[in-house]
Amino acid sequence: MFGLPTATVVIIVGIPAIWVIYTLVFVFLSRGWKAEDMAEDQALARTANGADGRDGGAASAKGNGGAA
Amino acid sequence: MNIETWFLVIYFLAMAGIGVWTLKIGSKGSEGYLLGGRSLGAAVTALRLQSSSMSGYMFLGAGSLAYTKGYFSLWYAMGDIGGGVLNLSILGRRMRKLSQILGSLTSIEYLEHRYPSKWIRAIAAPVALFCIFFYVMSQFIAGGRGLEMVTGIPYAWALLIAVGVIVFYTFLGGYLAVAYTDFVQAIIMLIGMVWILIGCLQAVGGWTAGNETVGQINPNLLTMWGPDGIESVQWGVIVGAVLVFSIGYMGWPHVNVSHMAMKRPSVARRASLYATGFNLLFIPAPYIVGIMALILLPTLDNPELAVFEVADTVLPNFAVGIVMAGIMAAIMSTADALLLQSGTIASQDLFQRFFKKDMSDQQSVWVSRFTVLVLAIIGYFVAVNDPPAVAEVVIFSTTVLGAAFVPVYIAAAWWKKANVPGAIWSMIAGTVSSVVWQLTGLVDVTGVDPMGVGIVCSTLALILVSLATQRSHPVPAHVLEAMKETDKIGAIPAHMLTGQNDSLAGQVPKDV
Amino acid sequence: MSAEIGTGRPVGPDLQTEDPVRMDPHVTAAEALAVFQRKLPDALAEVQAVHHPFWWAALDVRTRGLFRRSASGPVQRMDVLVNALSGRGMIADFTPRGATAGSSEWSSLIGEQSGPPPTRDEAERTARSLARAKVVKTVKLGMGIDITPAGGLRGVLKPNWIVSGGNARHEATILVDGLDGSHYIVRADKAGRS
């Protein structure tokens, strides 16, 4: 198929298919995470109105890069 | 200057413009600018993850591996496709939450907060710097070669320009600027790569016809076992190839920082969809192009230029210019972010932590800049004199980073018994075993890849040492509390969790 | 030093404080109970007052431009609290006030932790870094910020409430912040399970 030996086709279609399934399963199993979003949004709203600095970071701050 | 070069210049100016614009809008929170204000949504997170891991490797390394080894090189792609979702699903939410509770702002600081001990930083920072240096150098080489090919400037000068632009870009921006330009670049790289692939397949008469032609050159190139056929296949290398870009990826401190910057913990879910989708389209492409290059460019001197040369051959001029610009800019922004990360590691995680505790703001900045310059200079000289292959360097640095850091990052979020001695020995075991395995050439003797060896050693070290020292070095209470907090989704009814103040986790009395 | 609560591990001089401020809760016990009952309707619960040790750094923060020697901007006063057990800092929107407590109470709370707590110097540094991070809003590799302490590092005993109890369906232990009434669920289970 496609001019390629069968083993090759099986691998280069099969393994990505496994990843797609893994992704879908992960998204499905983690659907309960929305609760956390709500909690955070509420906490954020309260922080904006009331006391500041509840989420202060505990460390030094200069020039971090990070990914990209 | 030819058309391609003009496009390059225009593109760089546009990217610089975005960089300056994000500087101006700045950020609002107190943790603000360090992590882009934890404001990155799903699409940006996912694409940043992807573009931060690719760039130079994809355009030079993947193409060269494919040109020389045929479909065997796709084993790397097989791992790579899943790397994003694996990283997001295993580390994403928990690392984001744990880092927020512990108050960590960099991924190495996160390790020290989770495994409280100065030795953690004393080991992690140099290892990370070492690997980042190699990875940056690979981007320098890629940038220099690409620039040379597009503009015709001799390699040494092209490299100097590339390094100069990268360093300038580094001094200009910070995390947020880098985040947004990366997003734009990821889109351009995707479009460009797909365009090259389509053009290439058209030129060889279709995928099937192309495969058949390649098969006539050497039928083994069509198999997944290597150009010498199944008799000489090294299973250990195959396993390593799959592992390195799927699991190894979780050890990159500069990638894991993205998790910490997610807008909300559950961004990981949508980001994983974007990541897998992007990867399916993007990752296999340079490998296929590299293979087909055997037909279009049978006498290629430098296999690393396979993808570039194919682009030059099959695309109309203006398209070549835009795509090349996208590739170059992507390479440069990856290098820039890595350099920025190394500057921070040197100034915060090493210098300020161990030498000058009361280091002022100014001094911190100067240490950062100095580090960036030193790395750039050393990198330039190594890259200009006898540049190693981009693929080799990237795979080596990812291998060491993966072996050293993957177990400690995963255990940080998932295993409550992982303690300081376990983490220390894990990082040491992973680094030493993978480096020694690679440098002493044991790969060829045993057919086992350094990645596999490294991961096994570091994982065993973590487990055995942690269990053996549970009594003498227990995990601190506030860390356990923080971890229990990250467990909580599902265990506690959502209505109770709404409005909870996570930072109180550090104030729970011990006997409660 | 006598240890009133906890394991009573001896506390070294870099962790001691002379006169910690014991704050009174702004949230009453009844209000803490009400928070609990909002999460678990019709619940019966016990409320216990606890204190958590924090280092308090009062800082004066000034910014200056790139090329100026001395700061000329307005002074911003910041009160930064650093959790004395976990090392995590936060900027407070209040200035801690209250009666002076004994240093033994402070020491016993510090001694509870397994694993080394942050020292005074580390806490001071964390407070400064946090203040710096808060002030810097744009990403420039080199902006002048001067931070001077407006008084020495002091200990603060922050009041919290531990509320434990349950209703027909759930049992829970909740920590209620004694100053702003926010809560944190320490543990929650279906009723009847231990």
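Residues numbered from 1 in each chain as written. Chains lettered and ligands numbered in written order. Predicted model: local features only at pLDDT ≥ 70, side-chain atom pairs only at ≥ 80, totals over all residues.

Any chance you could break down the overall build of chain C for me, citing the residues and the numbers?
Along the backbone of chain C there are three helices and nine strands. Sequence-ordered secondary structure for chain C, helices as α and strands as β, is β-α-β-β-β-β-α-α-β-β-β-β. Counting all 194 residues of chain C, 42% fall into the buried class. Contacts spanning at least 24 positions in sequence make up 71% of the contacts within chain C whose residues lie at least 6 apart. (Helix = DSSP H or I, 4+ residues; strand = E, 2+ residues; numbered from the N terminus. Buried ≥ 20, exposed ≤ 12 C-beta atoms within 10 Å, placed from the backbone. Contact = placed C-beta atoms within 7 Å.)

Mind laying out the packing of helix α5 (residues 107–114) of chain B against helix α11 (residues 253–260) of chain B, listing which residues take part and the relevant values?
All names here are of chain B. With their axes 8 Å apart at the nearest point, α5 and α11 run at an angle of 75° to one another. By the angle between their axes, α5 is roughly perpendicular relative to α11. Contacts from S107, I108 and Y110 in α5 reach P253, N256, V257 and M260 in α11. Partitioning the contact of α5 with α11 into residue classes produces five nonpolar, two polar and no charged. (Axes fitted to C-alpha atoms, helices over the stretch in contact; angles between N-to-C directions. Parallel < 35°, antiparallel > 145°, perpendicular 65-115°, else oblique. Nonpolar A, V, L, I, M, F, W, Y, C, P; charged D, E, K, R; others polar.)

Lay out the pairing of strand β3 (residues 76–83) of chain C with the relevant residues and their values.
All names here are of chain C. In terms of residue burial, β3 counts as a mostly covered element, since six of its eight residues are buried. As defined by bridge partners, β3 adjoins strand β4 (residues 89–92) across four bridges and the pair is classed as antiparallel. Paired with D79 across the strands is A92, a residue of β4. Here β3 folds back onto β4, and the loop between the two strands holds five residues, one of which, G87, carries a positive phi near 85°. (Pairing = 2+ DSSP bridges.)

Give a detailed account of α11 of chain B, specifying residues and quantitative values.
By the criterion of burial, α11 of chain B is predominantly enclosed, with eight of the eight residues buried. Looking only at α11 of chain B, the buried set comprises P253, H254, V255, N256, V257, S258, H259 and M260 of chain B.

Go over the UniProt feature "transmembrane region" (unreviewed entry) in chain A, please, and point to the residues and values.
In the numbering adopted here, UniProt assigns the feature "transmembrane region" (unreviewed entry) to residues 6–29 of chain A. Helix and strand shares over residues 6–29 of chain A are 100% and 0% respectively, and the end C-alpha atoms of the span are 34 Å apart. (UniProt positions renumbered as here; feature names shortened; annotations may be inferred.)

With reference to specific residues and values, describe the pairing of strand β9 (residues 183–190) of chain C.
All names here are of chain C. Where strand β8 (residues 170–177) and β9 come together, seven bridges link them in antiparallel fashion. If you follow E171 over to β9, its bridge partner there is D189. Connecting the antiparallel pair β8 and β9 is a turn made up of five residues, with G181 showing a positive phi of about 75°.

Which residues make up the confidence of the model for chain A, and what values go with them?
Confidence along chain A averages 65 in pLDDT terms, with 47% of residues attaining 70 or more. The low-confidence segment residues 49–68 of chain A (pLDDT under 50) makes 94 contacts with residues lying over four places distant or belonging to another chain. (pLDDT = per-residue confidence, 0-100.)

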